[in-house]
Amino acid sequence: WQDPPASDRLKWNEAIDHCNRLTLDGYSDWRLPTISELRSLIRGCPVAEVGGSCGVTDSCLSRWDCYSNDCQGCSFYDGPDGGCYWPDGMEGECSSYWSSLVDEDINTDVWVLVFELGKLISSEDDMVNYVRCVR
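The model shown is predicted, which means the values in this text are computed figures rather than measured ones. (Residues numbered from 1 in each chain as written. Predicted model: local features only at pLDDT ≥ 70, side-chain atom pairs only at ≥ 80, totals over all residues. Heavy atoms only, no water.)

Participant: Break down the state of the cysteines for me, with residues and values.
Facilitator: Under the defined criterion, the tally for this structure stands at 5 disulfides. Covalent S-S linkage joins C45 and C74, the inter-sulfur distance amounting to 2.1 Å. Taking the sign of the torsion about the S-S bond as the criterion, the disulfide between C45 and C74, at about 95°, is right-handed. Here C45, found in the loop between α2 (35-39) and β1 (96-102), pairs with C74, found in the loop between α2 and β1; they are 29 residues apart in sequence, far enough to count as distant. Between the sulfur atoms of C84 and its disulfide partner C94 the distance amounts to 2.3 Å. Where C84 bonds to C94 through sulfur, the torsion about that S-S bond is close to 100°, and the disulfide is right-handed. Pair noted here: C84 is in the loop between α2 and β1 and C94 is in the loop between α2 and β1, with a separation of 10 residues, a long-range link. For C94, a relative accessible area of 17% corresponds to the buried category. With cysteine numbering restricted to those in disulfides and following the sequence, the protein has the pairing 1-10, 2-7, 3-6, 4-5, 8-9. (Disulfide = S-S within 2.5 Å. Helix = DSSP H or I, 4+ residues; strand = E, 2+ residues; numbered from the N terminus. Buried < 20%, exposed > 50% of the residue type's maximum accessible area, 1.4 Å probe, protein only.)

Put into structure tokens, the structure is as follows:
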């Protein structure tokens, strides 16, 4: 994982470009993570962790068929890393991060993980969110 992540919030297409152009620690094969990869970072919010009852995964991307109340996450800013629902010591803004995957019901919306709640949302691709690339 890119740690710390990019410091600026970007639109989705800008986030994809950022990761595709990133060279860090001698590696240039960075990319925007999938929603399941982002969920693998969640700590302290069982409904949104990988295998939790939120149905949004890389293989289920429909807000109508996969999304449920469990995707709303947990208590605001009550995660194990200073309030954030990610691994201890991870750097960056405890905020919303882009995934690489589009909501299959609305093709201008993209899946996002909100780490201050452990929440999954579908966000318009021209909104701005943070970016944490993966390789």
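Next comes the rest of the description.
Participant: Describe in detail the pattern of salt bridges, supporting the description with residues and values.
Facilitator: A side chain with one charge can pair with a side chain of the opposite charge if their charged atoms come near. Enumeration over the complete set of coordinates arrives at 5 salt bridges. Between D3 and R132 there is a salt bridge; the shortest N-O distance is 3.0 Å. Of this pair, D3 sits in the segment before α1 (12-21) while R132 sits in the segment after β3 (119-124), placing them 129 residues apart in sequence. Since its relative accessible area comes to 34%, D3 is described here as partly exposed. (Salt bridge = Lys/Arg side-chain N within 4 Å of Asp/Glu carboxyl O.)

Participant: Give a detailed account of the packing of aromatic side chains, specifying residues and quantitative values.
Facilitator: A ring pair, where both rings are aromatic, is described by two values, the distance of the centres and the angle of the planes. Going through the model one piece at a time under the given rule, you end up with 6 aromatic pairs. The interplanar angle of 65° and the centroid separation of 5.9 Å between the aromatic rings of W86 and Y97 together place this pair among those described as edge-to-face. You can see W86 sitting in the loop between α2 and β1 and its partner Y97 sitting in strand β1, a full 11 residues away along the chain. Assigned by exposure class, W86 and Y97 land together as buried. The interplanar angle of 50° and the centroid separation of 5.1 Å between the aromatic rings of W86 and F115 together place this pair among those described as tilted. Taken together, the positions of W86 in the loop between α2 and β1 and F115 in the loop between β2 (109-114) and β3 put the pair 29 residues apart, joining distant regions of the chain. Summarising the burial analysis for this pair, W86 and F115 share the class buried. Here the aromatic cluster, defined as three or more aromatic residues joined through ring pairs, consists of W86, Y97, F115 and Y130. For the cation-ring pair, R63 lies above W64, with the distance from its terminal atom to the ring centre recorded as 5.8 Å. (Phe/Tyr/Trp six-rings, centres within 6.5 Å; stacked < 30°, edge-to-face > 60°. Lys NZ or Arg CZ within 6 Å of the ring centre and 35° of its normal.)

In short, geometric facts, not functional conclusions.
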